[in-house]
Amino acid sequence: MKTTYQYIAAALISGITFFSSCSDVDLPGAANEGLPTVSGLTSSLDRRELTLTWNAVPGATSYVIYRNNEVEATVDANQTSYVVLCPYGQNLTFTVKYTTAEGLMSLGESVEVFIEAPDVPITGNMMVGYLLTAASYNQLPDDDEVAAAEWFEQNYVFQGTGAFITPDQIATLDPKVYTALWIHIDRVGIGIGYENLPFDSQVLGDIRNYAVNGGNLYLTKHATQLVNGIARIDDMYAPGIFGDGEGGSGDDVWCVNPVIGSGQPVSYNHRTHALFAGIEGDDPNNYGFYNFPLEGPGQREDHNCMWDLNAYGFSGDPNVVANWEAATNSTVLATWGHVADYCCAGIVEFKKGSGFGGKIIANGLSAYEFKQNIDGGNIYQGNVEQLTANALDYLRGISKFKAAYLLTADSYENLPDDDEVAAARWFKENYIDNDKGAFVTTADLATLDVAIYKALWIHIDRVGLGIGYENLPIDAEGFAAIRRYMANGGNLYLSKHATQVISGIARIEDRFAPGIFSSGEGGEGTDVWCVNNVIGSGMEVKYDHRDHVIFAGIKLTDPNNYGFPNFPLEGPGLREDHNCMWDLNAFGFPGTPNVVANWQDATSSTVLATWGHVQDYCCAGIIEFEANDEFLGKAICNGLSAYEFNQTGGNVYQDNVELLTKNTIDYLME
């Protein structure tokens, strides 16, 4: 704690006002003017933590502390101090009295306190904060924390894209400006449990509020325990693989495997996630498969703080990874380098939703050590730093990737349909003009660099177009190039008639091609065309995808009085009614457990949405096809008639169409 004179000096700098008074205040209780007051009352402040101390009074049976005329606490006669956490921006008066064996109460000695909310440095949008748990980073208690903070200063603070944040400042941190906050705790002997982290309950609440309000967190090493510390997950799912010892020396290379279940029939390949961009794969330990090395031979602390997925009572079918991800709304991105099964999770991305507007990346891998204590340092230090920069930039919204739009004419103005022209124009204004995208032709596809262009949007929506991918304006070479692009990790957004590309590139069998198809002139209508994101909303088993990121920010309403909310996309008026989607009853699946479950198992996909009024399992309008061993990229297919980019006469829900598009492209670019 600071001494009183240190506190007063700090008050002059930070706007804290402090007054001391010997007079009594109007407090309840039988104050006896014949008794002397408490003497020697002093106070000191450390951030918001106020400590009151006073001299012992002979004959006192207890001391009573008041805050603004209300009893704050009563303490024993042998206690002559009291600590309280003060809020920002309130005038507070603390008064101490004592009682006697005769039931008398003394007059009070008082202090007054006012703490101004601290200023957070603002230099621009999409900043990164680093939570500093000491007066300066050089005073942090562990060399790894010092090294991480020093790296942050060099690469973000000095570049004007980041700032050190104190625990007091979190309460006033604006997630729209500071879109990401890095919390790095890596200490020998700290002990397992978020209660052992250097944060009190008030700071935990402030971190939670930041994440609830849209702030993104990067939690590393022992700080991964904040995921349950702020109640993003239940305590039962807290990290259980934990180490905080001195470590030892080893000859192997500590690596990260981003292919979860790489030795299993079903694997989850995240090598192309933005987190690993620019890190070259290698196999220094001769495991027989490539992974990402992070720490070389020598002395290592072995500080894991990660998840044993076999410890949470999940069944092994389909696997513990799938069950963990479903239970926690997360994606397991990486594990230990040698692990080829589903046993553990070292890097986890907790998605938006579950009451949180921000996402969290938790990295508890022992290999992520910021300062290896050997001569010459860590030979893979560049990978540690690249991974860190990738994570922070990903969370703050700075994408290293771009999106491409497949142009099937010499210019977007010459596309043959007004909806295609409107979609391409929107893409130009929102991606190309902001240096986040480019138009490409089918000839460009053969050389499209997946490392740069992570997402490819193909939008075909034409009156009179016949059913079948053979009728799309893409030749055999174009289909082959799209297939290679997706196989190499590129992600596809296929909308309207272009959903048929998914069978044209053999991601699914031809027998699973879209069968609900129309390309006519359409007609007038007075209802609102909506999207239902709860598949089987009227059935016993439901699939609720309202929290999927592609629907973020779209307000749920019920304009047609269906009796349940959904997402409106197209208002009354002339509509073309161009569906190109799936009748799930047409593929010969049995009804048990249901056609949705069987379709998803057969195609390695997730049905995200259907027509607004549909409450059974009959049809799929938006589907996400997951990555697999053959196709490292994923695809989102949107064949809903309500997704019309240029409704004749204007669409009152045009903003929803555009937000759905942006959400989808940005999701695929991640």
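What you are looking at is a predicted structure, and each value in this text was computed from that prediction instead of being measured. (Residues numbered from 1 in each chain as written. Predicted model: local features only at pLDDT ≥ 70, side-chain atom pairs only at ≥ 80, totals over all residues. Heavy atoms only, no water.)

1. Considering the overall build of the chain
Then, number 1: When helices and strands are counted, the chain shows 12 helices and 40 strands.
Then, number 2: When burial is assessed residue by residue, the chain has 56% of its 670 residues classed as buried.
Then, number 3: The contacts of the chain with a sequence gap of at least 6 include a subset with a gap of at least 24, amounting to 72%.
Then, number 4: Carbon and sulfur atoms make up 48% of the accessible area of the chain, which amounts to about 26,600 Å² in all.
Then, number 5: Placing the 35 positive and 85 negative side-chain charges of the chain at their respective mean positions leaves the two points 3 Å apart. (Helix = DSSP H or I, 4+ residues; strand = E, 2+ residues; numbered from the N terminus. Buried < 20%, exposed > 50% of the residue type's maximum accessible area, 1.4 Å probe, protein only. Contact = heavy atoms within 4.5 Å. Areas by Shrake-Rupley, 256 points an atom, 1.4 Å probe, with all protein chains shown as cover. Lys, Arg positive; Asp, Glu negative; His and termini not counted. Charge placed at Lys NZ, Arg CZ, Asp CG, Glu CD.)

2. Some thoughts on the sheet that holds strand β27 (residues 453-460)
Adjacent strands of a sheet pair through backbone hydrogen bonds, lying either parallel or antiparallel.
Then, number 1: Ordered by their spatial adjacency, nine strands build an open sheet running β26-β25-β27-β28-β40-β39-β37-β31-β34, and the pairing between neighbours is mixed. Edge positions in the sheet fall to β26 (437-440) and β34 (567-570), since each has one partner strand and no second. Shown here is a sheet whose adjacent strand axes are inclined to one another by a mean of 20°, direction ignored.
Then, number 2: Here four bridges tie strand β37 (residues 605-611) to strand β39 (residues 622-625), and the two strands are oriented antiparallel to one another. Residue pairing across strands places Ala 609 opposite Ile 622, the latter belonging to β39.
Then, number 3: Set on the sheet, helix α12 (residues 654-669) makes contact with β25 (402-406), β27, β28 (491-496), β34, β39 and β40 (635-638); between it and β27 the angle comes to about 145°. (Pairing = 2+ DSSP bridges. Axes fitted to C-alpha atoms, helices over the stretch in contact; angles between N-to-C directions.)

3. As for the pairing of strand β36 (residues 580-583)
Then, number 1: With two bridges joining them, strand β29 (residues 516-517) and β36 adopt antiparallel strand pairing. Bridge pairing in β36 places Phe 517 opposite Cys 580.
Then, number 2: Here β36 runs beside strand β38 (residues 619-620); their pairing, made up of two bridges, is antiparallel. Bridge assignment links Trp 582 to a residue of β38, and that residue is Ala 620.

4. Examining the environment of Leu 365
Then, number 1: Its place among the elements puts Leu 365 in the loop between β24 (360-363) and α6 (381-396).
Then, number 2: With 29 residues separating them along the chain, Leu 365 and Trp 336 place their C-alpha atoms 7.3 Å apart.
Then, number 3: With near-sequence residues (within four places) excluded, Leu 365 lies in contact with Lys 221, Val 256, His 303, Asn 304, Met 306, Thr 335, Trp 336, Gly 346 and Ile 347.

5. Thoughts on the sheet that holds β38
Then, number 1: Taking strand neighbours across the sheet as the criterion, the three strands line up as β29-β36-β38 in an open arrangement whose pairing is antiparallel. Looking at the sheet topology across the chains shown, the edges are occupied by β29 and β38.

6. With respect to the pattern of salt bridges
Then, number 1: Scanning the model with the defined rule gives 12 salt bridges in all.
Then, number 2: Among the ionic pairs, Asp 393 bridges to Arg 396, the shortest N-O distance being 3.0 Å. Of this pair, Asp 393 and Arg 396 both sit in helix α6, three residues apart, roughly one helical turn. Arg 396 carries the same exposure label as Asp 393, and that label is buried. (Salt bridge = Lys/Arg side-chain N within 4 Å of Asp/Glu carboxyl O.)

7. Side note on the packing of helix α2 (residues 143-157) against α6
Then, number 1: Closest axis-to-axis distance for the α2/α6 pair is 12 Å, and the angle between their directions is 55°. In terms of orientation, α2 and α6 fall into the oblique class. In the crossing of α2 with α6, the sense of the turn from one axis to the other is right-handed. Between α2 and α6, the residues in contact are Trp 151, Phe 152 and Tyr 156 and Glu 385, Thr 388, Ala 389, Leu 392, Asp 393 and Arg 396, respectively.
Then, number 2: Broken down by class, the residue content of the contact of α2 with α6 amounts to five nonpolar, one polar and three charged. (Parallel < 35°, antiparallel > 145°, perpendicular 65-115°, else oblique. Left-handed = near helix turned anticlockwise from the far one by under 90°. Nonpolar A, V, L, I, M, F, W, Y, C, P; charged D, E, K, R; others polar.)

8. Section: the confidence of the model for the chain
Then, number 1: Here the chain averages 90 in pLDDT, while 94% of its residues score no lower than 70.
Then, number 2: Under a pLDDT of 50 for its full length, residues 1-30 has, in the predicted model, 64 contacts with residues more than four places off or in other chains. (pLDDT = per-residue confidence, 0-100.)

9. Description of helix α11 (residues 595-603)
Then, number 1: Judged by how many residues are buried, α11 sits mostly within the fold: seven of nine residues are covered.
Then, number 2: At its buried positions, α11 is contacted by β32 (534-535), β33 (543-544), β36, β37 and β39.
Then, number 3: The N-cap of α11, judged by a side-chain oxygen 3.1 Å from the amide nitrogen of Val 596 a few residues on, is Asn 594.
Then, number 4: After α11 finishes, the residue Ser 604 shows a positive phi value of roughly 50°. (Polar contact = N/O pair within 3.5 Å; in protein donor to acceptor, adjacent residues only side chain to side chain.)

10. Topic: the nonpolar core
Then, number 1: Residues Trp 182, Ile 183, Trp 307 and Trp 324 are the most contacted members of the largest nonpolar core, which totals 93 residues.
Then, number 2: Core analysis: the second largest hydrophobic core is formed by 87 residues, Tyr 405, Ile 458, Leu 569 and Phe 645 among them. (Core = buried A, V, L, I, M, F, W, Y, C linked by side-chain atoms within 4.5 Å.)

11. Quick word on the environment of Thr 661
Then, number 1: In this structure, Thr 661 sits in helix α12.
Then, number 2: Judged by its relative accessible area of 0%, Thr 661 falls in the buried class.
Then, number 3: The spatial distance from the C-alpha of Thr 661 to the C-alpha of Glu 420 is 13 Å, given a sequence separation of 241 residues.
Then, number 4: In contact with Thr 661, not counting residues within four places along its chain, are Trp 426, Trp 457, Tyr 493, Tyr 643 and Phe 645.

12. Considerations on the pairing of β27
As a general feature of sheets, a regular strand has side chains that alternate between the two faces.
Then, number 1: Of all eight residues in β27, eight are buried, a share of seventy percent or more.
Then, number 2: In the sheet, β25 pairs with β27 via four bridges, with the strands oriented parallel. Directly across from Lys 402, in β27, lies its bridge partner Tyr 453.
Then, number 3: On the question of chirality, the crossover connecting β27 to the parallel β28 by way of helix α9 (residues 476-487) is right-handed. (Right-handed = clockwise from strand over helix to strand, strands pointing away.)

13. Things to note about unusual backbone geometry
Then, number 1: Phi angles above zero are rare outside glycine, and Asn 68 is one such case at about 50°.
Then, number 2: Along the chain, the position of Asn 68 falls in the loop between β4 (60-67) and β5 (70-76).
Then, number 3: Under the relative-accessibility criterion, Asn 68 is labelled partly exposed at 35%.
Then, number 4: Of note in this structure, Ser 604 is not a glycine but carries a positive phi near 50°.
Then, number 5: Within the secondary structure, Ser 604 is located in the loop between α11 and β37.

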